[in-house]
Amino acid sequence: MEPIDVVEPVRRLDYEAKVTGRASYLADLRVPGMCHGKILRSPYPHARIRKLDASKALSVPGVVAVLTRDDIVQDQGIDPYYGPVFKDQTIVAVEKVRHVGDPVAAVAALTPPAAEAALDRIEVEYEELPAVTHVSEAIRQGARLVHESVRIPEHGFADLAELKPVEGTNICTHFKLVKGDIERGFAESDHIFEDTFTLPTTQHCALEPHACIASVERDRRITVWSTTQNPFVVRTQLANIFKVPVSKVRIIVPYLGGGYGGKVYPKIEPLTVALARKARRPVKIALSREEVFYTITKHAAVIKMKTGVKKDGTLVARQCEVLLDTGAYAEIGPRVAKKSGYTAAGPYKIPNVKIDSLSVYTNKPPAGAFRGFGVSQSAWAHESQMDIIAAALKMDPLEIRLKNSYEEGSEFVTGETLTSIGLKDCVEKVASAIGWKEKGEHRPDGPLRRGKGIACLIKATITPSISSAVVKLNEDGSVTIYAGTVEMGQGSETVMAQIVAREMGIPLKDIEVLGVDTDVVPYDLTTSSSRSTFHVGRAVQFAAQDLMQQLKRVVAQEYAVPEDQIRFSGGKVQLPEAVIDYREIMFKHFGMQGGTLVGQGQVKTKVVDDRGVKTTSSFWFLGAGAAEVEVDIETGKLKLLKYVTAVDVGNAINPLGCRQQLEGAAITGMGQALFEEVVFDNGQLVNPNFVDYVLPSLGDMPVSIEPILIEIPHLEGPFGAKGIGETALIPVAPAIANAIFDAVGVRIKELPIKAEKIYLALEQAKKKL
Amino acid sequence: MKKGIRFRVNGVDTALEVESHLTLLQVVRERLSLTGAKFGCGIQVCGTCTLLLNGKPVSACSVLAVDADGSDVLTVEGLAKDGQLHPLQEAFMEVGALQCGYCTPGFLLTAKALLDENPHPSEEEIRSYLAGNFCRCGCYQEIVRAIQKVAGE
Amino acid sequence: MKTFDYLEPTTVGEACALLKQGRGEARVFAGGALMTILMKEGLLQPKTLINIKRISALKGIDFHPAQGLAIGALVTHHELETSKTVKEKLPILCAVEKEVANIRVRSMATIGGNLASGEPLTDLPQVFIALDARIRIASSSGERVMALEDLYIDYYQTSLAEDEIITQVIVPPAPERSGIEYIRFSSSSVVDKPCVGVAARISLGVEKACQTVRIVLGCVGPTPVRAKKAEAVVVGKPLDARLAEEAGSVASGECSPVSDLRGSEQYKRAIVGVLVRRALARAYEDASQS
């Protein structure tokens with residue numbers, strides 16, 4: 001594998017528009033004839049809707065249309081049930097509301113205040129029902145059911161086909177994985193450790209709230225401008241709901257103001273389209289910050305982990321029960337639970353493994369994808385427990401990891417062989433950068449104690465999946481890229497252009513990457529799962545190569561040169577007797593200033609490869625993090641002094657972009673570790689705002705966050721690159737908890753680690769002395 | 001109640017008739033089509049709607065437009081002068097101080113206010129002054145570096 | 001937000017007269033930091049907003065050796081933070097201001113508004129009370145001066161009458177050999193509202209004994225509160241570690257925190273104990289060195 005020549009600095013293609021304020025985000029767009037939509041939401045976590053009367057809302061001046069359950073149930077042109085995995089969601093509530101904030105009705109009006117005023121005039125009579133608001137309570141026998149029954153779609157995702165709701169319970173899905181013989185494993189162990197770890201509900205908090213503009217034409221053609229990370233999935237869902245072919249649905253996505261998983265799968269699009277359909281004019285809905293908290297969250301979790309080890313620290317058996325609180329609707333929770341399950345035992349060679357990973361319905365806002373996708377939950381458990389084991393065996397936490405961790409060629413829990421596994425490198429590099437050898441040398445300073453901690457992970461990417469791309473050579477030699485990746489801050493636009501620049505030998509300034517419009521760009525499954533560089537980047541590379549092949553044929557034909565004598569170099573073609581550029585070739589070929597050559601590329605990953613070998617993931621994410629903390633033993637106040645993160649990036653196409661992604665993921669991980677939590681009181685959200693749901697700020701940053709790129713080229717990635725967007729987030733919380741243990745000897749098993757938790761643990765420890 | 005206001009926006013004298021309850025953010029975005037300032041939280045916490053009002057950073061989501069009568073308003077669209085980007089804009093791009101860009105106008109304007117007030121801030125002063133602007137993509141280290149770069153020039 | 005009449009008086013007398021006319025449906029508006037949020041959320045729907053920002057008499061910071069520091073009600077947090085006079089005469093205020101909310105709020109919000117809001121999770125009131133600050137209040141019938149300590153009644157409630165406006169904060173000159181410390185404690189991010197805020201001032205008498213002691217606890221009750229029993233523990237004696245510890249433990253019983261997102265009642269009491277001890281020690285050291 002030839003490493004890519006990286007010419008630094010590459011200035012990102014989206015930057016100038018963004019620093020000048022010219023970049024358009026969805027809320028900045030207006031469509032002629034557009035009116036404004038607002039949503040009436042449930043005040044109860046669980047209730048039956050006895051009566052709903054919207055007649056008074058229509059009399060509010062400026063109101064254009066009101067959408068209620070009658071509109072979606074009685075309309076033959078609408079299937080009111082949808083959802084990416086199970087059809088358990090409705091556009092507005094039909095019989096029951098299942099969480100606080102569940103949409104009940106919607107109003108379109110000439111101005112937002114008129115729409116709001118009309119919401120107040122909609123009369124709803126609720127019959128309150130008991131609510132289940134915690135997973136442990138939800139899985140109990142006889143628990144109140146969130147869904148009495150769930151509709152299964154005919155054509156769901158291939159990787160989730162075997163997962164179904166367990167009837168008569170709140171279990172949405174139950175993923176099981178067994179390797180070896182767990183009981184024999186425990187019997188052969190010298191020590192057994194059992195611990196329970198928890199994580200709260202959190203929220204993505206992309207600074208841009210979800211927004212959508214929808215327009216429905218008379219021929220039922222639907223155009224949607226949306227803040228979505230996966231326009232093609234939204235297109236499919238809308239086509240199903242509104243019973244039209246996908247060719248009648250067009251999704252346009254401007255730059256997103258952050259996604260982090262919070263903008264995958266349908267959110268407010270079905271409701272906005274239904275409202276626009278009723279209003280017979282375009283409707284825009286822009287959510288408030290509070291509404292974002294009702295729309296999507298990250299799964300809270302309770303994880304039980306039982307591990308058997310030999311005296312020398314060899315892991316023998318591990319049993320994991322992962323309960324993920326998926327909220328009122330399945331959303332993508334079943335896949336989150338599955339992915340969480342695959343790697344719940346951690347990045348370790350363990351002969352006997354038993355995993356049960358459940359997504360469970362509760363009367364809380366739906367939980368879905370969040371950067372880390374189930375693995376930040378399971379890693380909190382396995383990486384915390386690794387240090388518990390190390391402490392009990394008086395082993396170095398670094399040593400126990402290196403002793404057990406996966407390496408090239410290891411057998412995964414599924415039996416498949418792991419390749420391109422730069423895990424040990426990551427672990428060793430972060431240990432060295434944090435000064436692991438000097439651990440414990442810092443003297444106490446008054447009430448302040450210092451400590452260091454480490455954590456690592458393995459994670460899968462979504463498999464199978466499909467990406468396609470088109471690269472167009474214009475008559476002047478410039479190039480346009482058509483790909484379905486949404487630019488949400490990760491820098492994909494620039495990376496795609498870099499891949500084509502490298503492949504075709506032309507400068508970035510001659511390359512344009514088109515924005516995402518499903519009528520224009522070819523299919524791509526999703527901008528998530530850290531998959532775009534690897535999959536779409538590869539498709540773009542194939543498209544560029546296809547184009548070059550065509551060019552070669554054209555040159556051979558036009559200049560009467562055998563193909564094997566044609567050499568491409570620096571954007572030019574070397575013939576035995578001349579050097580010509582793309583523009584000249586195009587002119588010669590088409591005989592005028594005009595014409596287009598089109599190259600295309602496809603990437604299709606499979607769960608069983610061509611040799612019949614099972615593949616859980618088309619590539620693996622590996623990484624490690626190390627933290628140094630200072631704890632005030634009198635108050636429990638923690639200060640993160642330093643954080644180091646290392647990720648196996650395959651090969652860095654845009655090193656600055658890679659570093660940004662690593663740092664950014666680490667910072668989100670800090671927030672999740674230290675203070676982020678959506679607090680509930682009987683199903684009511686206590687803090688759906690930025691005063692009470694606190695995000696990490698510049699004032700909370702450690703002196704340094706050091707990103708380390710481990711480059712072990714992947715054979716199938718474009719120029720050896722792998723995906724990296726989520727990896728660095730995952731080890732942060734356990735690395736910090738392990739550092740706290742190192743500093744003050746207390747073990748925190750519940751996130752977030754607010755000062756009070758450390759204080760209480762210290763008080764508890766004092767009492768035991 | 002409606003009220004006539006006059007203010008300078010990015011150096012342009014502007015006269016408008018506005019309802020007393022409209023915020024400066026609504027007026028700038030909807031009436032003047034300057035959409036660089038974004039809605040983020042609505043309660044003065046996140047900083048995405050930052051504008052400079054008489055040189056001082058404010059949360060435009062919580063400033064009454066009538067209260068801006070007679071003021072000088074600078075939005076991100078007014079940072080570049082005569083086709084030349086502001087040094088902060090250049091530095092943000094060069095250092096990589098942004099990803100999704102939604103918070104960027106707010107950070108740029110806040111950084112400008114800081115440097116106008118204190119041309120050579122320490123790293124600690126930069127961190128403290130900008131602690132009230134959120135960047136969820138997490139470009140904080142690069143933002144500090146970009147400001148230091150401009151301050152050092 | 002509902003619409004309202006918007007008025008801009010240019011004198012205090014005019015503003016007070018308008019307030020009186022408003023009969024409870026008119027509101028004073030200055031920086032607007034809290035007011036706009038309350039109005040946007042529909043928690044406050046005044047018929048008339050009286051913007052006092054055009055009243056120049058309410059602006060500016062003055063120092064007189066005899067009367068002390070006089071801070072106009074319209075002075076913003078950021079003006080206080082960066083004032084040369086304040087930095088020279090009472091640097092503690094500049095230091096405290098650096099941590100108040102964020103730069104945008106500090107640029108808009110005024111000292112008068114902050115004190116009059118009765119907002120419990122804030123910093124300045126504790127510090128001003130520790131400094132024995134008084135406030136000057138104007139009304140349609142005249143003027144009065146009161147100790148800031150007496151302003152607060154309950155959460156968001158003050159003893160200001162409908163037609164009264166705070167016009168000035170007066171901080172009397174501290175006795176010689178005085179030291180003051182404020183500790184703002186956040187239980188999560190540094191930008192979170194404070195969980196507890198403790199101000200301590202000590203003025204020394206003979207033999208390094210503490211002559212005047214002020215311990216003011218913020219965020220741990222409906223109003224900022226002076227821990228008078230804890231003050232009494234220290235008064236008349238030179239401060240040592242044991243005494244500071246005792247004062248802390250007494251103070252933790254003198255507040256009435258409630259459990260909320262920023263900590264349990266029990267935790268906040270424990271933090272009060274630690275912060276009082278630390279603040280006293282630093283204030284004492286500061287006083288001893290001056």
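The structure presented is a predicted model; accordingly, all values stated were derived computationally and were not measured.

### A closer look at the nonpolar core
Generally speaking, soluble globular proteins have nonpolar side chains that are buried together.
Point 1. Residues A:F690, A:I736, A:I740, A:I753, B:F92 and B:I147 are the most contacted members of the largest nonpolar core, which totals 174 residues.
Point 2. In terms of residue count, helix α18 (residues 732-744) of chain A provides more of this core than any other element does, nine residues in total.
Point 3. Discounting chain neighbours no more than four positions away, the residues touching A:F690 are A:C205, A:L207, A:R289, A:F293, A:L695, B:C41, B:I43, B:V45, B:C46 and B:F134.
Point 4. Of all hydrophobic cores here, the second largest spans 44 residues; its members include A:L67, A:L238, A:V249 and A:M488.

### Looking at the domain arrangement of chain C
All names here are of chain C.
Point 1. Along its sequence, chain C is organised into domain 1 (5-51), domain 2 (56-171) and domain 3 (178-289).
Point 2. Just the C-alpha atoms count here: the centres of domain 2 and domain 3 sit 21 Å apart.
Point 3. Counting from both sides, the interface comprises 20 residues of domain 2 and, opposite them, 22 residues of domain 3.
Point 4. The largest per-residue losses of area from domain 2 upon contact with domain 3 belong to L121, Q126 and A130, which jointly make up 31% of the total buried on that side.
Point 5. Our count for the domain 2 to domain 3 interface comes out at six salt bridges.
Point 6. As a salt-bridge pair, R214 and D132 come within 2.7 Å of each other at their nearest N and O atoms.
Point 7. On the surface where domain 2 and domain 3 come into contact, there are eight residue pairs in polar contact (both at pLDDT 80 or more).
Point 8. Taken together, the elements giving at least two residues each to the side of domain 2 that touches domain 3 come down to α5 (91-97), α8 (124-130) and β8 (152-154).
Point 9. Counting residues per element, the side of domain 2 that touches domain 3 draws most heavily on α8, at five residues.
Point 10. Of the residues that constitute the side of domain 2 that touches domain 3, the class distribution is 12 nonpolar, two polar and six charged.

### Details of the interface of chain C and chain A
Point 1. Of the residues lining the interface, 19 residues belong to chain C; the matching set on chain A comes to 20 residues.
Point 2. Taken together, both faces of the contact between chain C and chain A bury some 1600 Å²; the carbon and sulfur share is 56%.
Point 3. Among the residues of chain C in contact with chain A, C:L261, C:Y267 and C:R278 are the three that bury the most area, contributing 35% of the side total.
Point 4. Scanning the region where chain C abuts chain A turns up four salt bridges.
Point 5. Between C:R262 and A:D692 there is a salt bridge; the shortest N-O distance is 2.8 Å.
Point 6. Linking chain C with chain A are 12 residue pairs in polar contact (both at pLDDT 80 or more), by the criterion used here.
Point 7. Examining the composition of the side of chain C that touches chain A, we find that six residues originate from one element, helix α11 (residues 265-289) of chain C, more than from any other.
Point 8. Partitioned by chemical class, the residues of the side of chain C that touches chain A number eight nonpolar, six polar and five charged.

### A word on the packing of helix α10 (residues 241-251) of chain C against α11(C)
All names here are of chain C.
Point 1. Two numbers describe how α10 lies on α11: the axes approach to 7 Å, and their chain directions differ by 140°. Overall, the two elements α10 and α11 adopt an arrangement that is oblique. In the crossing of α10 with α11, the sense of the turn from one axis to the other is right-handed. Listed contacts from α11 to A244, E245, A247, G248 and A251 of α10 are V272, G273, V276, R277 and L280.
Point 2. Here the residues of the contact of α10 with α11 sort into six nonpolar, two polar and two charged.

### Remarks on unusual backbone geometry
Point 1. Put simply, A:T463 and A:P464 share a cis peptide bond, and its omega is 5°.
Point 2. Topologically, A:P464 is positioned in the loop between β20 (448-460) and β21 (465-473).
Point 3. In this structure, A:P752 follows A:L751 across a cis peptide bond, with omega equal to -5°.
Point 4. Here A:P752 shows up in the loop between α18 and α19 (755-768).
Point 5. Although it is not a glycine, C:D132 adopts a positive phi angle of roughly 60°.
Point 6. Looking at the secondary structure, you find C:D132 in the loop between α8 and β6 (134-139).

How each quantity is defined
Residues numbered from 1 in each chain as written. Chains lettered and ligands numbered in written order. Predicted model: local features only at pLDDT ≥ 70, side-chain atom pairs only at ≥ 80, totals over all residues. Heavy atoms only, no water. Core = buried A, V, L, I, M, F, W, Y, C linked by side-chain atoms within 4.5 Å. Buried < 20%, exposed > 50% of the residue type's maximum accessible area, 1.4 Å probe, protein only. Helix = DSSP H or I, 4+ residues; strand = E, 2+ residues; numbered from the N terminus. Contact = heavy atoms within 4.5 Å. Domains from an automatic or database assignment. Buried area = accessible area lost by both parts, 1.4 Å probe. Salt bridge = Lys/Arg side-chain N within 4 Å of Asp/Glu carboxyl O. Polar contact = N/O pair within 3.5 Å; in protein donor to acceptor, adjacent residues only side chain to side chain. Nonpolar A, V, L, I, M, F, W, Y, C, P; charged D, E, K, R; others polar. Axes fitted to C-alpha atoms, helices over the stretch in contact; angles between N-to-C directions. Parallel < 35°, antiparallel > 145°, perpendicular 65-115°, else oblique. Left-handed = near helix turned anticlockwise from the far one by under 90°.

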